[in-house]
Amino acid sequence: MTVPLRMSTVSRIVDIPPPRRGRRELAEDTRVRLGLHIKAAEQAMMAAKTEALRSFGITVAQYAAMLSLYYVPEQSSAQLARAAAVTPQTMATVIAKLEQKRLVTRHPSSDHAKVLIASLTPEGETLVLRADEAARRIEQRMAEAFTVKEREQVTEMLGRVTSLLRDDLIAE
């Protein structure tokens, strides 16, 4: 999902110090390194989703691929990799496992014979809808930690970081 960005034209100078020795210095430096906070939040969310999806016998990556196929049926492995934020190699493994479990089927694309198109089976569709109830409870808990305005701000700020870093990658 792309979030419209309202970029500020005001430059903000922030001093991110190089590593320094000491416990107090570690605590001080950690507070200003946003990447550590973003990573910690992502790890906590992934751990919660991993636990919630365990009883359904699927991983977070499998859930993400299945949910993407629920929203938009008939996708290639490359499309699913982008949707699930994993590498194409990882998605190939994810799809193979889902196919073994009979949750997904694949057939050659009508446009490109070498490209396989994935679709949910009826069993896969039923499972992803049940698993999504558990995943949505986690999303709900996260959302309820903020006011509506704070959720909008967090979404906008994370979108800004994502856009900034993706633009930096393109520029390199």
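Residues numbered from 1 in each chain as written. Predicted model: local features only at pLDDT ≥ 70, side-chain atom pairs only at ≥ 80, totals over all residues. Heavy atoms only, no water.

### So, the overall build of the protein chain
Right, on to step 1. Regarding its fold elements, the protein chain presents seven helices and three strands.
Right, on to step 2. Starting at the N terminus and walking to the C terminus, you meet the elements of the protein chain as α-α-α-β-α-α-β-β-α-α.
Right, on to step 3. Relative to its length of 172 residues, the protein chain is extended, with a C-alpha radius of gyration of 20 Å against a globular reference of 16 Å.
Right, on to step 4. For the protein chain, the spread of C-alpha atoms along the three principal axes comes to 55 × 35 × 35 Å.
Right, on to step 5. Looking at the protein chain as a whole, 25% of its 172 residues are labelled buried.
Right, on to step 6. Once local pairs closer than 6 in sequence are excluded, the contacts in the protein chain between residues at least 24 apart make up 47%.
Right, on to step 7. For the protein chain, the computed accessible surface area is about 12,600 Å², with 58% contributed by carbon and sulfur atoms.
Right, on to step 8. Looking at charge distribution, the protein chain has the averaged site of its 25 positive side-chain charges lying 4 Å from that of its 21 negative ones. (Helix = DSSP H or I, 4+ residues; strand = E, 2+ residues; numbered from the N terminus. Rg over C-alpha atoms; globule rule 2.2 N^0.38 Å. Buried < 20%, exposed > 50% of the residue type's maximum accessible area, 1.4 Å probe, protein only. Contact = heavy atoms within 4.5 Å. Areas by Shrake-Rupley, 256 points an atom, 1.4 Å probe, with all protein chains shown as cover. Lys, Arg positive; Asp, Glu negative; His and termini not counted. Charge placed at Lys NZ, Arg CZ, Asp CG, Glu CD.)

From the geometry alone we can't say anything about function, so treat these as descriptive.
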